[in-house]
Amino acid sequence: MRLAFTPRFERRTRKLTALQRAMLRAALRRFAVDPRDPVLRTHRLQGELDGYWAFAVDDDLRVLFRWDDDLATLVTIGTHDEVY
């Protein structure tokens, strides 16, 4: 699986704490190996975010992304309320 990062995602990751960045790196490694790993709680979104997917970095931090064959484009990252 290939990963691509939007400029928005990259800007938002710079604002994370050191602990959140470390957890994000671990989640991205796990996601690259198995995007549907149960630990990530990967799920398809509906409504206004139809066509997007999300996975959890920790209890509140989420990554919003889009699938395109073997490419996952990471769109943004934020708390549950920020992303949804």
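Let me sum up the structure you'll find in this document. Remember, predicted model here, so these are calculated numbers, not experimental data.

Brief notes about the overall build of the protein chain
Then step 1. Looking only at helices and strands, the protein chain has 3 helices and 5 strands in total.
Then step 2. Its helices and strands taken in sequence order, the protein chain reads β-α-α-β-β-β-β-α from the N to the C terminus.
Then step 3. Relative to a compact globule of 84 residues, whose C-alpha radius of gyration would be 12 Å, the protein chain shows 12 Å and is just as compact.
Then step 4. Each of the three principal axes of the protein chain carries a C-alpha extent, and together these read 30 × 30 × 25 Å.
Then step 5. Counting over 84 residues, the protein chain shows a buried share of 37%.
Then step 6. Taking the intrachain contacts of the protein chain between residues at least 6 apart in sequence as the baseline, contacts between residues at least 24 apart amount to 39%.

Things to note about the pairing of strand 3 (residues 53-56)
Then step 1. Covered by surrounding structure in strand 3 are W53 and F55 together with A54 and A56, the residues of both alternating faces.
Then step 2. Inspection of the sheet shows strand 2 (residues 43-44) paired to strand 3 by 2 bridges, in the antiparallel sense. Opposite H43, over in strand 3, you have A54 as the bridge partner.
Then step 3. Bridge analysis of strand 3 against strand 4 (residues 61-68) gives 4 bridges, and the strand direction is antiparallel. The residue of strand 4 that forms the bridge with W53 is F65.
Then step 4. What sits between strand 3 and strand 4 in their antiparallel hairpin is a turn of 4 residues.

As for the side chain of T13
Then step 1. Its place among the elements puts T13 in helix 1 (residues 7-14).
Then step 2. Assessed through its relative accessible area of 14%, T13 is described here as buried.
Then step 3. The contact partners of T13, leaving out residues within four places of it in the chain, are R21, L24 and I77.

Conventions we followed
- Residues numbered from 1 in each chain as written.
- Predicted model: local features only at pLDDT ≥ 70, side-chain atom pairs only at ≥ 80, totals over all residues.
- Heavy atoms only, no water.
- Helix = DSSP H or I, 4+ residues; strand = E, 2+ residues; numbered from the N terminus.
- Rg over C-alpha atoms; globule rule 2.2 N^0.38 Å.
- Buried < 20%, exposed > 50% of the residue type's maximum accessible area, 1.4 Å probe, protein only.
- Contact = heavy atoms within 4.5 Å.
- Pairing = 2+ DSSP bridges.

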